[in-house]
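Overview (structure and organization)
Spelled out from the first residue to the last, the chains are:
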Amino acid sequence: MAHGPAKGIGRWLFTTNHKDIGTMYLWFSFAMFLLGGFFAMVIRAELFQPGMQIIRPEFFNQMTTMHGLVMVFGAIMPAFVGLANWLIPMMIGAPDMALPRMNNLSFWILPFAFALLASTLFMEGGAPNFGWTFYAPLSTTYAPSTVNYFIFGVHIMGASSIMGSINIIATVLNMRAPGMTLMKMPMFVWTWLITAFLLIAVMPVLAGAVTMMLMDINFGTSFFDAAGGGDPVLFQHVFWFFGHPEVYIIILPAFGVISHIIPTFSRKPLFGYSSMVYATASIAFLSFIVWAHHMFMVGMPIGGELYFMYATMLIAVPTAAKVFNWVSTMFRGSLTYETPMLFAIAFVILFTIGGFTGLMLAIAPSDVQYHDSYFVVAHFHYVMVAGAVFSGTAAVYYWLPKWCGRMYNETMGKVQFWISFIGFNITFFPQHFLGLAGMPRRYADYALQFSDWNMISSIGAFIYGASQLLFMFNVIRTIKAGTPVSEPKTWEGAEGLEWTVATPAPYHTFSTPPEVK
Amino acid sequence: MSRRARMLFALVLAPVMSLASMGQALAEDAQRWAVNMPKGVTPVSNAIYDIHMIIFWICVVIGIGVFGVMFYSMYAHRKSRGAVAANFHENTTAEIVWTVIPALLLIVMAIPATSALLSVYDTAEAEMDIKITGYQWKWQYEYLGEDVAYMSELTTPEEEIYNTAPKSQYYLQEVSQALVLPAKTKVRFLITAKDVIHSWWVPDLGVKKDAIPGLVNETWAYIEEPGIYRGECAELCGKGHAFMPIVINVLEKEEYNAWLGKKKAEVAAVRELAKKTFTLDELMAQGEIAYNRSCAACHQINGEGIPGVFPGMVGSAITVGDVKGHLDIVVNGKSGTAMQAFGGQLSEVDLAAIITYERNAWGNATGDLVQPIDVLKFKQGQ
């Protein structure tokens, strides 16, 4: 048997162990989640009442921008990379990731990227203030000079994501246990394999977009400047060619997690494994050909508008197939409601609601009224928070006993679930109303008719924010003092290789590959 | 039904019912607690509303079906109730059914969506054209062919925004001059921007279109009902994004024609005024008003700007340097920065007053006096 972990800080700095790196990704992502959440609390506090109370509009824009960037690139993406690191080798019976040193590098450049980004808050001119979508020319000609730090930060994050993806693809394609054919891989592995290909395809596009910005700002080019023969709409095409696959990059691994948890607590196999795989692949394919539905108002020719509307509506088919699959898995199962299952069920309900509003947004004529309103804000928080964050939380509760050999407090977990669920809905459901009634997004201040729903939404946000502290407390308490568990299988209905190793999972697992029948 | 059951039923259905019946609710409450989009006053906004409701109800029905099955199994197939898991999985028939049915529903949705989109795009045979230009952070309306153009800016005072005065009814929804339009006329809007991307959104008209520098987008409205309609900028455009509302005053055709005649006479009068010679006091007084309206958002009321973003004007090279340079930057702006070209936005009188004010306020005691005629000559001379 190989050696155990090194001692002291060196263990973390130089580690090439997938479990250590996974742990670091998860803690990093949680730290970013709290930071981005703090920005959200500032936003909701300012919007509690009409009028400017605690911050000024220019700082409000920095908050919305930083909230989006930190949550998407700092919290959600690293969370799922962390889960991938911990779980993929254990799920496919591999001793570690295929490229362990690169694994270390891809994690350790991330804190620097976010330190660069966050440091702009303290610089003259302030942090980026042009939204997480950073449309030119607001992000080029009209940007604060700190935009260069933002660009460098994005480059580093992109490099980290690409390295992570290469590693996942190399691991999944080369290191599966004998007998584990592609169509026997666990769903989480499948969704990550597809996600990794998406990342490799679109991260360079994002890098291209920010590099063109860098050239426009510092070297006199005019990619996005109409006065120099460029085109501001080109920026949006490039950005969303990255940005739309990006939302599936975030949600596909979440689908994977849910496809493990629901069968476990239904004590019944996933209803349609192969159709889930095909649905995931078709969603990934469609994600490349629908980007301009984010741009229905830029004045596209009607042919383009119609094409992007029809193509976007098509996404409903494979997505609906997934939801039907989860529901059929539960049907005639033997259900219990531990915390991970509660989060998974909430995921299905709320993600479906987010899917409905997504379908509404796809309808180009009615998008005239939805576009850039709070309806959109409500929609993507139903998908990103109730989708990605809920499933991430579910995953932590589900695999935490395996990781640390201790059981979390079930009552506290359930309490946290209900506070999160109620707080989330109080925050974001009224935002549908605000948007339909005509409140645009990214508004530092608003007309009086929007006062009441905004106040309710802010109250919900504080409740939801507080519930995350309870989550942190529950996890830390579990690691320090949770009830020890030692059976390999924590959950009665759990299936998969990760549940065949000892609990807590030893530092090195599957030094000799298992046989999969 | 028992009382409790009825209450539960009402609670569950409340969000759905309120969405559907909001139109009938009392006007004031409906506005404050509005949960649905306005029907609006144009054929397009009505078409949008209809398709929005069709899709909404289809989603409600699907939702009831899917969640119904789910809640049923959550209740009936609990382990604590002694449920034993079945072991079925993979059923090709089921999977074909739940692929084909959504696909058919999508076709049902696509038909009305396509026809609504065609009408959104149908700008042909407009009876008049309005050019709309977005600036940080105001709108310019130009009546093409009528020689009438003006800026429309927020008039809500800072005191209301920063909570030192009570907020009026139309807080953040009132402007210096509304866009005036005739009712029952097909109006085409040509929309562009001078600096960053803005978006011109008036929910009651069913109109939203991005205003993009270097491009001209078009859309249209045929407004049935005279009245006041309010809208907003919908694309993040900097710190004043929430502070550049749209107000449209729709008049009957005859009233509109009378208004347009009066407006043309006003334009001629302002042009005449530019030939007059003003005193320093007159220019300073007018300059303060015009500066606070058009310049203070960036350079601040005290002229100190925002370090690192907007340059200060107290003792700066431009405000106490050569008058020509000062004229140039105000009239032509500075390309590659947020400084706009105000030559086309403001009257000669306002431009002269602002320059005079900037050269003599906040301790910039140059004593320079710039007359409207100087501005005119500068514009013509370049």
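**What to know about the overall build of chain A**
Along the backbone of chain A there are 16 helices and two strands. Relative to its length of 517 residues, chain A is compact, with a C-alpha radius of gyration of 22 Å against a globular reference of 24 Å. Seen through its C-alpha atoms, chain A measures out along the principal axes to roughly 65 × 50 × 45 Å. Counting across all 517 residues of chain A, residues that qualify as buried make up 62%. Partitioning the contacts of chain A with sequence separation of at least 6, the portion at a separation of at least 24 is 82%.

**Section: the domain arrangement of chain B**
Interfaces are often described in size by the accessible area the parts lose on coming together. Each assigned domain of chain B is listed here: domain 1 (15-120), domain 2 (128-264) and domain 3 (274-381). When each unit is reduced to the centre of its C-alpha atoms, the spacing between domain 1 of chain B and domain 3 of chain B is 56 Å.

**Quick look at the sheet that holds strand β6 (residues 198-202) of chain B**
Residues and elements named next belong to chain B. Here five strands make up an open sheet; going across it, the order is β4-β10-β9-β6-β7 and the pairing mixed. The open sheet has two free edges, formed respectively by β4 (179-182) and β7 (207-211), since each of these has just one partner strand. Across the sheet, the axes of successive neighbouring strands diverge by a mean angle of 25°, strand direction being ignored. Strand direction decides the pairing type here: β6 and strand β9 (residues 227-233), joined by two bridges, are antiparallel. Looking at the pairing, Trp201 lines up with Glu232 of β9. Packing of helix α6 (residues 253-273) onto the sheet brings it into contact with β4 and β10 (246-251), and relative to β4 it is tilted by some 135°.

**Re the environment of Glu288 of chain B**
Residue and element names in this part refer to chain B. Checked against the element boundaries, Glu288 lands in helix α7 (residues 280-294). Judged by C-beta crowding, with 16 C-beta atoms within 10 Å, Glu288 ranks as partly exposed. Residues Glu288 and Lys167, spaced 121 residues apart in sequence, show a C-alpha to C-alpha distance of 24 Å.

**Considering the confidence of the model for chain B**
Per-residue confidence for chain B gives a mean pLDDT of 88; residues scoring 70 or more make up 92%. Scoring of the predicted complex yields 0.90 for pTM and 0.92 for ipTM.

**Section: the packing of helix α3 (residues 57-92) of chain A against helix α14 (residues 374-404) of chain A**
Residues and elements named next belong to chain A. At a minimum axis distance of 11 Å, the contact between α3 and α14 shows a crossing angle of 30°. Classified by the interaxial angle, the pair formed by α3 and α14 is roughly parallel. Crossing of α3 over α14 shows left-handed handedness. Taking contact as the criterion, the partners of Ile76, Ala79, Leu83, Trp86 and Leu87 in α3 are, on α14, Met384, Ala388, Gly392, Ala395, Trp399 and Trp403.

**Re the interface of chain B and chain A**
Listed by partner, the interface residues are 83 residues for chain B and 81 residues for chain A. For the side of chain B that touches chain A, the secondary structure elements donating two or more residues are α2 (27-32), α3 (43-76), α4 (92-120), β6, β7 and β9 of chain B. Here the residues of the side of chain B that touches chain A sort into 48 nonpolar, 22 polar and 13 charged.

**Section: the pairing of strand β5 (residues 186-193) of chain B**
Residues and elements named next belong to chain B. Strand direction decides the pairing type here: strand β1 (residues 128-135) and β5, joined by seven bridges, are parallel. Of the residues in β5, the one forming a bridge with Met128 is Val187. Pairing of β5 with strand β8 (residues 217-222), which is carried by six bridges, proceeds in the antiparallel orientation. When the bridges of β8 are listed, Ile191 appears paired with Asn217.

**Quick notes on the pairing of strand β2 (residues 138-143) of chain B**
Residues and elements named next belong to chain B. Where β1 lies against β2, six bridges are found, and the strand directions are antiparallel. From the neighbouring strand, Thr133 faces β2, where its bridge partner is Gln140. Hairpin connection from β1 to β2: two residues lie between these consecutive antiparallel strands. Across five bridges, the pairing between β2 and strand β3 (residues 148-152) is antiparallel. Residue pairing in the sheet places Tyr143 in a bridge with Val148 of β3. Here β2 folds back onto β3 in antiparallel fashion, the turn holding four residues, of which Gly145 has a positive phi close to 85°.

Rules behind the numbers
Residues numbered from 1 in each chain as written. Chains lettered and ligands numbered in written order. Predicted model: local features only at pLDDT ≥ 70, side-chain atom pairs only at ≥ 80, totals over all residues. Helix = DSSP H or I, 4+ residues; strand = E, 2+ residues; numbered from the N terminus. Rg over C-alpha atoms; globule rule 2.2 N^0.38 Å. Buried ≥ 20, exposed ≤ 12 C-beta atoms within 10 Å, placed from the backbone. Contact = placed C-beta atoms within 7 Å. Domains from an automatic or database assignment. Pairing = 2+ DSSP bridges. Axes fitted to C-alpha atoms, helices over the stretch in contact; angles between N-to-C directions. pLDDT = per-residue confidence, 0-100. Parallel < 35°, antiparallel > 145°, perpendicular 65-115°, else oblique. Left-handed = near helix turned anticlockwise from the far one by under 90°. Nonpolar A, V, L, I, M, F, W, Y, C, P; charged D, E, K, R; others polar.

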